[in-house]
Structures are given as structure tokens and as C-alpha cells.
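Here is how the chains run, residue by residue.
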Protein chains: 2
Amino acid sequence: MVPKTTTPTEFRALCRSNQFTDNSSGYASGFAQANILILPKEIASDFELLCKRNPVPCPLLGKTILGSATQLSCDYLIKDDNFDLRKDLPKYRIFENGELLSEKADVLSEWDMSSHIGFLIGCSFSFENALCKAGLTPRNMVENKNVSMYQTKKHLDPAGIFTNTTYVVSMRPYKPEDIETVRDVTRAFTKTHGEPIDWGYEAIERLGICDINIPEYGEPISIHPGEIPVFWGCGVTTQVAALKVSCKIRGKIMSHSPGHMLILDIKDSELNRDISSL
Amino acid sequence: MVPKTTTPTEFRALCRSNQFTDNSSGYASGFAQANILILPKEIASDFELLCKRNPVPCPLLGKTILGSATQLSCDYLIKDDNFDLRKDLPKYRIFENGELLSEKADVLSEWDMSSHIGFLIGCSFSFENALCKAGLTPRNMVENKNVSMYQTKKHLDPAGIFTNTTYVVSMRPYKPEDIETVRDVTRAFTKTHGEPIDWGYEAIERLGICDINIPEYGEPISIHPGEIPVFWGCGVTTQVAALKVSCKIRGKIMSHSPGHMLILDIKDSELNRDISSL
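Residues numbered from 1 in each chain as written. Chains lettered and ligands numbered in written order. Predicted model: local features only at pLDDT ≥ 70, side-chain atom pairs only at ≥ 80, totals over all residues. Heavy atoms only, no water.

An unreviewed UniProt entry annotates chain A as DUF1445 domain-containing protein originating from Pichia inconspicua. The Sequence similarities (unreviewed entry) field of the UniProt record for chain A holds the comment "Belongs to the D-glutamate cyclase family." (UniProt positions renumbered as here; feature names shortened; annotations may be inferred.)

Below, the structure is given as C-alpha cells:
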């Protein structure tokens, strides 16, 4: 039994030795967790540009250096000599030609050193803690469920091979009178999607969501009478984008298994500190 | 008569002394030109966040330091001891409560030192030169007209007071077989809108453009048989966004008069050099 209070270093060591393969939610509280996407180099620069052009759904935190699964471009994210992105997640998904091939506890045999680059993408776990502290605990946490996520028809601005990519959004219901506080609380989390991208029942049609009761990802959560849905950019956008292009390219694509994130050595508060860097 | 080959320093000096109040197009060729927006401090941080969340329509290059019209946060953009953002543009527009008050050659009496901050925003003149060099001269240059610009219904991701902001796009027609080259040529211009955000006749409906023959800004340009419209993010987005919120705030908003830009001391090629900085 791994205690929730484990440190990021201990947590990753347990993942690395395959002793922990569970959901990372709630572990090493206060430390940032990252979505992971591992792509062949031929589409890596297009993906990086996609993130730069669309930082709200795709907040890129860092990447591995080509030829290494252990060295990051931003070395302040992980300070651990034993770090290895092929092993340090609880669980991985492996895709080829747009199909899920398998789920595994490491990607040692899949990672091609001559080609693969791992990308770290911000995750909304960060701002959920801040909402709790403000007395606005997200419904998914109250109901102990995965957040509801929807495929929208809102297009990202394209980048190279990534055309026709659309936003995936996460949804948390709030009362209309709380919207401005919810916006204020999440605004500063610029590396983890920031403030909502839209809200209200009219936003369902504006975003092109098929059915608010049937999220495409995660689990349905209840919207109480008097509440409205509030939508945030979601890191699943990057996975959907990568899968869509995987039919056009050779080689495997890997990602974290949903909810099985990389725990970083940097706190949520530090990650989002550089809101103004111009 | 000011020669087109004037240096940026000479050009700004002529503006500063009100000897030049014309369109800046074609002057100091090779040097970047910037859109200007001058906002009261109460909405400045929201505007900066809007730009960070939506870098394609709103590529923020730099800003003045509060209390100064002569000092920029990014001092490599202008290297000129005499620089003064209240005087160095050929022509300004002054707005209040969403209304155009006047057009003037300087904003010395409007700029409030205790409040105003000037923002420099990238301009697509940069990539038009690159398209010419690639043998893909934009139709607006061939016809010697201002580029066609359209109001769309595509929403920017909101930031603070800036909600319900929608993209303005510029349009240049190309043959379908040239699209990938056009995308490749403009991709690197990340500080000046980069590659197109959409293309094809079906994009007109997707973007929510009312009538392709009636641009809301600029001039109509011809689309020849066999060509399709190609749309880029446009800096006018920032002006429309600022005007929309100006009813909610006190104080004046200033901008460059359309086509009357600030000429920078940095070349287009240098401005867009840091495509990969992660």
C-alpha cells in the first residue's frame, strides 16, 4: 500500500519497479502531474508548434531530448538521476495506425531511441486543488469520479500535419453567481489550462458538444438544478490530435493511460508562477 | 517625399516631427512593422493574458513599462534613444466608450502616464514578403489594395474582461495545389500569425464569415476561378477586442490608424527566429 503522502521521487521509483500501476490521482499532493505523449521525431516539431499555437488546450511543459528518455529540455521539472520516461509512469498506452495496441507498465521495448520524443503537458489536477481551497470543490471530486470530458467541434489553429484538430474540454458544474470566482481562481494556472474557455447551457451548442449527458471521455457527473456547465481546455486534446495523425505516419505513439500521470518534482504553485514573462 | 528605403530610425523621426503621416506599407523594407494598442492599466493584464492564450490572432511582441512611453519591456525591438510611442507612428486613432473620437498624428495629450500601457503586436506584412520571394505574391499586393479582412464567429479563449471575443482573419486566394507551399512558407512566422488557420470555400461557413465578397475591414480582392480563399489570424482581432470592452471601462484607448504602423529596428527574419525556445 503506497501512502498518498509519498514524495514524487518515491512515487516514480515505485512505478519504475512496477510496484505501482494504479491511478496517480491524490498522490504526492501539491506536486504537479503531467500528461505524457511520446511521438516519432517526424511529427515532433509539428506537435510542438500545435502546442505553441494552442496553449490553452495544449500547455506544453517540456520534452525529452532526442536520443534520450532520461533528459528533459526543462530540467527543473524533474530533479532525479534515476528518472526514465520509459518506466516512471504507473501505466502507458501504446498506439499504432490509430489503434490501441496495449496497456503496459513500461515502454522499454517500444521506445525507439533514434526517433521518439516524450512531451510533458499540463494537467488540470493543479487548479482543482485551488478550487477546493476556495470552497468550490469540483463535483467530480465530491462524487469521486473522473471528470466529464467532451469532444467539441471548436478547431485548434492548425500546425503542419495537425489539421482538423478539435478541442476536448473538461466540464465542472457551478452556479452562475460563482462563475467569476471560478474564473478568478483558475486564471493564474496558465500552464494547466487556466480559466474556463466557455460556460452556460448555450456554450454546449457553441462548442458543438453532442450530448452533455454523455461525455466522450471520463464519467458523467450530475449538474444540479440552478447550475450551469463550465468548460475548460483539456489535455486529452493532444492525445486525440496525435491519434488522428498516427494513420499518416510510421511508428508507435505512446501516452500515459488516462489518470496514470507522471508526477513532477515541481509544485503546482511553482509551475504556474511565471504568468507574466514578456 | 520620403524614400521607401528610409531606415526605421529616420522613418520614426519623420513621424515624430509630424512630417510623415501616411501609410507605412513598403517603407524600410525587411524591417518588422507592429500593430499598436494603448490601453488603460486596469485592463492591461487581462489583455496580456488574452494574447498569451491566443497567440495566433494576437502575437504580442512587447509592451511599454507603466509610467513611460519610451521604454519597452523587450528593448531589442527598438534601439533608439529618441523613441516615443506617443509620437513615433504616422497616425493614431483615439477611442472612448467604443466610439472613434479622432485621428491624430500624436497622442501626447491623450496618453495618461499614470495609466496607459502600449502593446506591440505582430503584423502579417512580414510573411507577405516571404510569399513574394516564393513566387506566391499575395493578390492584395498584385492589385495594390489593402488585404481583405473578415469578422468571424470563431471565439478566442477568453481572458478576464475579454469574453465573447472572436477572430478577425485576413484572406489571400491561392490554388489548392499551392496550399501546402503557402503553409510551409508562412509557418515559421510565429510572431506574425504563422501559417493559415483555415482554407477552402467550406472554411467560410466553418469560420462564420457573413459574405466572402464583403470584407468587414480592408478592401475586396478578386478570387480567380480555380482558387480558394486562405485565411490567417489577423491583428485587427486585438483592436476589436479592446473596443468591445471599452464601454465597460473608463479612459481612452488608442491604436495605430489602419496601415499606419510602428516600424521596428528588428528585421522580420530576426523577429521570427526563436521558433523553438522550449
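## Here's the deal with the overall build of chain A
In terms of regular secondary structure, chain A is built from 8 helices and 11 strands. Its C-alpha radius of gyration of 18 Å places chain A within 12% of the 19 Å reference for a compact globule of 278 residues. Along the longest, intermediate and shortest principal axes, the C-alpha atoms of chain A span 55 × 40 × 40 Å. Across the 278 residues that make up chain A, the buried fraction comes to 59%. By sequence separation, contacts in chain A at least 24 residues apart represent 75% of the contacts at least 6 residues apart. (Helix = DSSP H or I, 4+ residues; strand = E, 2+ residues; numbered from the N terminus. Rg over C-alpha atoms; globule rule 2.2 N^0.38 Å. Buried < 20%, exposed > 50% of the residue type's maximum accessible area, 1.4 Å probe, protein only. Contact = heavy atoms within 4.5 Å.)

## Things to note about the domain arrangement of chain A
Put simply, an interface is often sized by how much accessible area is lost when its parts join up. All names here are of chain A. Per the domain assignment, the segments of chain A are domain 1 (8-123 + 249-272) and domain 2 (124-237). Here the C-alpha centre of domain 2 lies 23 Å away from the C-alpha centre of domain 1. The interface of domain 1 with domain 2 comprises 22 residues on the first partner and 23 residues on the second. Summed over both partners, the interface of domain 1 with domain 2 comes to about 2100 Å²; 60% of that surface belongs to carbon and sulfur atoms. By the criterion of area lost to domain 2, the three top residues of domain 1 are P57, C123 and N272, representing 29% of everything that side buries. Joining domain 1 to domain 2, the criterion identifies 0 salt bridges. For the pair domain 1 and domain 2, the number of links is 8 residue pairs in polar contact (both at pLDDT 80 or more). Of all the secondary-structure elements, those providing two or more residues to the side of domain 1 that touches domain 2 are strand 1 (31-40), helix 2 (44-53) and helix 8 (268-271). Looking at the side of domain 1 that touches domain 2, the element that brings in the most residues is helix 2, giving 5 residues. (Domains from an automatic or database assignment. Buried area = accessible area lost by both parts, 1.4 Å probe. Salt bridge = Lys/Arg side-chain N within 4 Å of Asp/Glu carboxyl O. Polar contact = N/O pair within 3.5 Å; in protein donor to acceptor, adjacent residues only side chain to side chain.)

## With respect to the packing of aromatic side chains
Residue and element names in this part refer to chain A. Going through the model one piece at a time under the given rule, you end up with 14 aromatic pairs over all chains. Its guanidinium or amino end placed over the ring of Y167, K154 lies 5.0 Å from that ring's centre, counting from NZ or CZ. Positioned above the aromatic ring of W232, the side-chain terminus of R172 is 5.0 Å from the ring centre. (Phe/Tyr/Trp six-rings, centres within 6.5 Å; stacked < 30°, edge-to-face > 60°. Lys NZ or Arg CZ within 6 Å of the ring centre and 35° of its normal.)

## A look at the environment of H256 of chain A
Residue and element names in this part refer to chain A. With respect to the helices and strands, the residue H256 is situated in strand 10 (residues 253-256). Linking H256 and S24, residues 232 residues apart in sequence, is a C-alpha distance of 11 Å. Among residues more than four places away in sequence, those in contact with H256 are N35, I36, L89, K91, Y92, R93, Q239 and M261. At 3.0 Å, the side chain of H256 forms a polar contact with the backbone nitrogen of I36. One polar contact links H256 to Q239, side chain to side chain, over a distance of 3.5 Å.

## Quick look at unusual backbone geometry
Residue and element names in this part refer to chain B. Notably, N18 is not glycine yet its phi reads approximately 60°, a positive angle. The topology assignment puts N18 in the loop between helix 1 (8-16) and strand 1 (31-40). Even without being glycine, N144 reaches a positive phi, approximately 55°. Within the secondary structure layout, N144 lies in the loop between helix 4 (139-142) and strand 6 (148-155). Exposure remark for N144: the relative accessible area of 72% places this residue in the exposed category.

## A short note on the pattern of salt bridges
Side chains that carry opposite charge are capable of pairing whenever their charged atoms lie near each other. Counted according to the given criterion, the structure contains 37 salt bridges over all chains. Among the salt bridges present, the one from R93 of chain B reaches E103 of chain B, with a minimum N-O distance of 3.0 Å. Pair noted here: R93 of chain B is in strand 3 (residues 92-96) and E103 of chain B is in strand 4 (residues 99-104), with a separation of 10 residues, a long-range link. Relative accessible area serves as the criterion here: at 37%, E103 of chain B is assigned to the partly exposed category. For D184 of chain B, the salt bridge is made with R187 of chain B, and the minimal N-O distance between the two is 2.9 Å. Of this pair, D184 of chain B and R187 of chain B both sit in helix 5 (residues 179-187), 3 residues apart, roughly one helical turn. Judged by its relative accessible area of 15%, R187 of chain B is buried. When salt bridges that share partners are traced, they join R12, R16, D80, D88 and D265 of chain A into one network.

## A look at the sheet that holds strand 9 (residues 228-233) of chain A
Residues and elements named next belong to chain A. Within the open sheet, the 4 strands sit side by side as 6-7-9-8. Their pairing is antiparallel. Of all strands in the sheet, those bounded by a partner on one side alone are strand 6 (148-155) and strand 8 (198-199). Of the strands in this sheet, strand 6 and strand 7 (166-174) touch helix 7 (residues 236-246), which is tilted by about 155° from strand 7. (Pairing = 2+ DSSP bridges. Axes fitted to C-alpha atoms, helices over the stretch in contact; angles between N-to-C directions.)

## A look at helix 1 of chain B
All names here are of chain B. Residues of helix 1 that are buried: P8, F11, R12, C15 and R16. Seen along its axis, helix 1 keeps its buried residues to an arc of 140°; they face one direction. On its buried side, helix 1 packs onto strand 1 and strand 11 (262-267). Trailing helix 1 by a residue or two, N18 shows a phi angle of about 60°, which is positive. (Arc of directions from axis to C-beta.)

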